[in-house]
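# Coordinate inspection notes
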Amino acid sequence: MSSENNSKTHQQETLDLSIALLERPSVTPDDDGCQDMLSARLEQAGFDCEFMYFGDRKQSGEHAEVKNLWARRGTTDPVICFAGHTDVVPTGDEKNWTYPPFTPTIADGYLWARGAADMKTGIAAFTVAAERFVANHPEHNGSIAFLITSDEEGPSINGTVKVIETLEARQEKITYCLVGEPSSTDTLGDIIKNGRRGSLGAELTVTGKQGHVAYPHLASNPIHAAMSALAELTSTAWDNGNDYFPATSLQISNINGGTGATNVIPETLNVVFNFRFSTETTEDELKAKTHAIFDKHFANSKASYDIHWKLSGQPFLTPEGKLVSACQNAIKKVTDVDTTLSTSGGTSDGRFIAPTGAQVVELGVRNATIHQVDEKVEVDDLGKLAQIYEGILENLLLD
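This structure is a prediction, so every number in the text was calculated from the model and none was measured. (Residues numbered from 1 in each chain as written. Predicted model: local features only at pLDDT ≥ 70, side-chain atom pairs only at ≥ 80, totals over all residues. Heavy atoms only, no water.)

### Comments concerning the pairing of strand S3 (residues 79-85)
Within S3, 7 of the 7 residues are buried, which leaves the element mostly enclosed by the surrounding structure. What you see with S3 is no split at all: Val-79, Cys-81, Ala-83 and His-85 on one side and Ile-80, Phe-82 and Gly-84 on the other are buried throughout. Pairing geometry for S3 and strand S6 (residues 143-149), over 7 bridges, is parallel. Bridging from a neighbouring strand, Phe-82 pairs with Phe-146 of S6. With 4 bridges connecting them, S3 and strand S7 (residues 176-179) associate as parallel partners. Opposite Ala-83, over in S7, you have Val-179 as the bridge partner. (Buried < 20%, exposed > 50% of the residue type's maximum accessible area, 1.4 Å probe, protein only. Helix = DSSP H or I, 4+ residues; strand = E, 2+ residues; numbered from the N terminus. Pairing = 2+ DSSP bridges.)

### A few points about the side chain of Thr-149
Mapped onto the fold, Thr-149 is located in strand S6. Only 3.1 Å separates the side chain of Thr-149 from the backbone nitrogen of Asp-151, close enough to count as a polar contact. Beyond its immediate stretch of four places on either side in the chain, Thr-149 contacts Gln-35, Val-66, Lys-67, Asn-68, Gly-84, His-85, Thr-86, Asp-87, Gly-159, Thr-160 and Asp-349. (Polar contact = N/O pair within 3.5 Å; in protein donor to acceptor, adjacent residues only side chain to side chain. Contact = heavy atoms within 4.5 Å.)

### Comments concerning the packing of aromatic side chains
Within the structure shown, the criterion is met by 14 aromatic pairs. Each ring, one from Phe-294 and one from Tyr-305, has its centre 5.2 Å from the other, and the planes form 35°; the classification is tilted. Pair noted here: Phe-294 is in helix H6 (residues 283-297) and Tyr-305 is in strand S15 (residues 304-313), with a separation of 11 residues, a long-range link. Accessibility assignment for this pair places Phe-294 and Tyr-305 in one class, buried. Grouping aromatic residues by their ring pairs yields a cluster made of Phe-47, Phe-82, Phe-126, Phe-146 and Tyr-389. Across the ring face of Phe-51, the terminal group of Lys-67 is positioned such that the distance to the ring centre comes to 4.5 Å. For Lys-376, the ring lying beneath its charged end belongs to Tyr-110, and the centroid distance is 4.4 Å. (Phe/Tyr/Trp six-rings, centres within 6.5 Å; stacked < 30°, edge-to-face > 60°. Lys NZ or Arg CZ within 6 Å of the ring centre and 35° of its normal.)

Below you can see the structure in the form of structure tokens.
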């Protein structure tokens, strides 16, 4: 098959599968049959498919049952795993969308739908790439795997993290992991994520004593008590970052206090803040420095404080090496783009996979409209992305 015909085949197959996935309103944690569709195709390509369920089917919210797919073709190393999620974020008011969010629409050179960028087109490109690679190289080296969850956009407690725990328990290791999150900025393949900052959240509760604003000596204002500590917290330089990561940052996202009355000193103040931290700082160091700041400012205060911590993920980094080079070379061949490495942005499920020793890279379509009304992706990028993924398989499994 000619290169031009090969490109057209990638394009049409990836577009068709993308549309089929996007038609399913799989708002987290509901998979809505997406994984069944994928497993049926992968089984035809020689993959052994296994569904893993975690959580309680009788519960809702963060305790709801989550469906996960682990598919593998081959029994030897290296294991190249495509990781992604079939769940999407809620649409918001559908009246604000140009086209219905679960009626995939091609217009103005884009494919419009919820999940178009984040990240059902990436999953479609994974699948087509694996199918075509296997068809051309049925006796390939190593193994190809898929780890697909429906719990990435939610609490992320019954998805990838639980699958990885299961794989680790049976000593099934991933060598290279390609996460299909939308990493590109201006053009397909211009950015790949070879790491992510850690995320440490905190819920601060300051407790004082309620009273009348005209009699402050009979009360203890938790808002006043916290102000100087919060000011120092937000002005502290936690580290200077390094060659791979920007400096650790802290952001306050919520402050809540007061009874609703203008003449009442409230009893409590609640503050939510988050650290995005580099490999220059540890979780324990951030906690210790934060407590030291609050201990100092509350030493002579009538109010007291308590902090509830939640670690969402440690920072991870895949340095330049075999996986990064395989991605860069495949991108260059398909798009003629020189790829830049980045660790910016939020977290992904790569944070659960990297600690096992796997090399992890995120590579996908442009991220300009993710989680927005009118989410969309360039139609012409779909076939190219599948070609890039197939090229990565060739670079890693045919040498």
